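Residues per chain are reported as follows:
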Amino acid sequence: MKQLLCLLLLSAFRLPLSALAEAVPPPVPAIAVRMVHPDNQELAGKGKPAPEGYTACVHEFRGNDGEMKRTRLFVKDAPVITEADVERAQADPGNPGQINITLNTRGGRAMKETTSAMKLGHDRLAVLVHGRVTTAPVVMAILSNTFTVSGLDGENEAENLAELLNRKAAAGKAISFTPRDLALYAVHPDSSRLVKEGTLSVPGYRLWSRPGAEEGKNAEKEYLFLGNAPIVTGDYAQSARPNLDYPGHLNIVWNEEGARKLEQACAALRPGRDRIAVVLRGAILSTPVLHGAPSHATLIPVPGDDRQLDGLCTAINNQLPPLTEQQQREAKKELAIYPVHPRSAELEQRFLPELRRGRTIHLKSGFRSIPYNRPGFPEPVPAWAFIRPESLIAPEDVRYASREQDGTITCDLLPRAWKKLRSFMDGSPAGNVAVAIAFRGRVHQVFNIRNSLWQMWGVPLVTTIQPVSVICIFTPEEERRMDRELLYFILRDMLSPACPWFFKNCVPFRTLGEQKPFLMIDSGLDRP
């Protein structure tokens, strides 16, 4: 009898407890991006209830007049991405209350597919932080791996959210790689014939095997003769990121030594016929056909799941650690902005023979000549600028200095730095004032500060100075890539209407500006 009473009591308590467990709502993600209903403005204006599959939210934001405003949003229940899709988050030092987010491969692909199907300039995305809508911008372009979250007004809210997202992203990375795990090998030009003839040894090459394309345990293996040493490994890569247009592919940018090794190795290969093997941790993943001259930017097939691609990219991209506090202080000291003589171009032509012989020209006004490389294609053009050697800014005018994964140094200037530049421009008789950006004693670029004066019937209305608050000191490889891509887009926009076939089918021209590879596969990942 006592056992029966105990069973009845357990049954009586079990039902409410199970019902209570089912009623517990799922945890709210730290961050989520959701689609806003395309007809949100019309539905909210008429006071309609939330459509099926959507939830009503309140978005509070500060208008242009500084007053807080409220609007009703219908956001989709299924999020586009959540915190599980975040690869890295960083609070923006120059914009309090804002963080920059980088997504992993799955998140970037989901974001691109979603925004590609949206009506640009009309549809909106809502960014929710801990269930609260912080921003709901109109989608003006197709998004992919990176986006920005703004509207975080709380004290240190951006820093705390970035720390939380980075901690969860680190906890979700179970696959760890090293850059050396990725290697490219040359495949013997006659590998197939040698294997069919039963050859077991070739000087300078080693016999490798890879699983066959057919499924099943009894699938025949494929044998290939690869070079004894790899052409390059991931140690020579500056940066890597998954290509969202080609699933299972990586965009890799090589450093100078890596690009030189590829160029030397590919000089002996026949485009369209010979192959290169992509090896990851001793296993051949693919053998793409070489389709052109090598370049710094390469697209290589690395078939695998998204986590494997993300783990490999993280290993390659973390080869350059962030600047330490001591290095940041040194970078601030090494940055300088020099005034350029208003007639610097004329002076350069006047003293060009002496400048080419290595002579430094000193003017009575305090200006002197200094060499630098003017951007150009295919190679930078040697040039000279006449500068005054007193910098317009000091180390205390630089807010922070950071190093990107490709080696680029980024310096953010404080507003007072541009007040100094404005004072210098106002005191100059010339309309346009040029300045030279120098880092570690070498001039990297010379540009004009434009003074725009808006007038109506001869009456000045607004006088502005061109704002440039962030200075990027690019590596030589990045400078050449930007010049090459700029030339590509200029030629494409000018000539593509007249001869669209050429721009669509000419492989050398396509590879001129796009970060598309000399490594491409012609029949899928299963077969070489």
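Residues numbered from 1 in each chain as written. Predicted model: local features only at pLDDT ≥ 70, side-chain atom pairs only at ≥ 80, totals over all residues. Heavy atoms only, no water.

### Regarding a nonpolar patch on the surface
Logical step 1: A cluster of nonpolar side chains, contributed by L200, L207 and Y223, occupies part of the molecular surface with about 310 Å² of accessible area.
Logical step 2: Structurally, the position occupied by Y223 is in strand β12 (residues 222–227).
Logical step 3: Classification of Y223 by relative accessible area gives partly exposed; the value is 41%. (Patch = residues over 30% accessible without salt bridge, like charges linked within 9 Å, V, L, I, M, F, W, Y side chains within 5 Å. Areas by Shrake-Rupley, 256 points an atom, 1.4 Å probe, with all protein chains shown as cover. Salt bridge = Lys/Arg side-chain N within 4 Å of Asp/Glu carboxyl O. Helix = DSSP H or I, 4+ residues; strand = E, 2+ residues; numbered from the N terminus. Buried < 20%, exposed > 50% of the residue type's maximum accessible area, 1.4 Å probe, protein only.)

### Looking at the nonpolar core
Logical step 1: If you look at the biggest cluster of nonpolar residues, it comprises 27 residues, and the most contacted ones within it are I99, I101, V149 and L165.
Logical step 2: Listing elements by their share of this core, those giving two or more residues are β1 (31–35), β5 (86–91), β6 (99–103), α3 (105–116), β7 (125–129), β9 (146–149) and α4 (157–171).
Logical step 3: Considering every element that reaches this core, the biggest residue donor is α4, with five residues.
Logical step 4: Not counting residues within four places of it along the chain, the set of residues in contact with I99 comprises Q90, A91, D92, F147, T148, V149, L152, A158, L161, A162 and L165. (Core = buried A, V, L, I, M, F, W, Y, C linked by side-chain atoms within 4.5 Å. Contact = heavy atoms within 4.5 Å.)

### Digging into the packing of aromatic side chains
Logical step 1: Per the counting criterion, the structure on display carries two aromatic pairs.
Logical step 2: Centroid distance Y185 to W208: 5.3 Å. Interplanar angle 55 degrees. Geometry classified as tilted. Within this pair, whereas Y185 is found in strand β10 (residues 182–186), its partner W208 is found in strand β11 (residues 205–210), the two being separated by 23 residues in sequence. The burial state of Y185 is the same as that of W208; both residues are buried. (Phe/Tyr/Trp six-rings, centres within 6.5 Å; stacked < 30°, edge-to-face > 60°.)

### Side note on the confidence of the model for the protein
Logical step 1: The pLDDT averaged across the protein works out to 77; a share of 76% of its residues lies at or above 70.
Logical step 2: Segment residues 1–23: pLDDT under 50, and zero contacts once partners within four positions in sequence are set aside and those in other chains are kept.
Logical step 3: Below a pLDDT of 50 lies the segment residues 507–528, which in the model reaches 71 contacts outside its immediate sequence neighbourhood of four places, other chains included. (pLDDT = per-residue confidence, 0-100.)

### Here's the deal with helix α7 (residues 306–317)
Logical step 1: Across its 12 residues, α7 extends 16 Å between first and last C-alpha, which sits within 8% of the 16 Å expected from 1.5 Å per residue.
Logical step 2: α7 sits mainly inside the fold: nine of its 12 residues count as buried.
Logical step 3: All of the buried residues in α7 are L309, D310, G311, L312, C313, T314, A315, I316 and N317.
Logical step 4: If you follow the buried residues of α7, they end up packed against β5, α3, β10, β14 (237–242), β15 (249–254) and β16 (276–280). (Expected span 1.5 Å × (residues − 1).)

### With respect to the pattern of salt bridges
Logical step 1: Following the criterion strictly, the structure yields 17 salt bridges and no others.
Logical step 2: Measuring nitrogen to oxygen at the nearest pair gives 2.7 Å for the salt bridge that ties D85 to R106. Residue D85 is found in the loop between β4 (81–82) and β5, and its partner R106 is found in helix α3; the two are separated by 21 residues along the sequence.
Logical step 3: Put simply, R399 and D412 hold a salt bridge, and the shortest N to O gap is 2.4 Å. Of this pair, R399 sits in strand β23 (residues 398–403) while D412 is found in strand β24 (residues 409–413), placing the two residues 13 residues apart along the sequence.
Logical step 4: Overlapping salt bridges bring together D190, R193 and E197 as one network.

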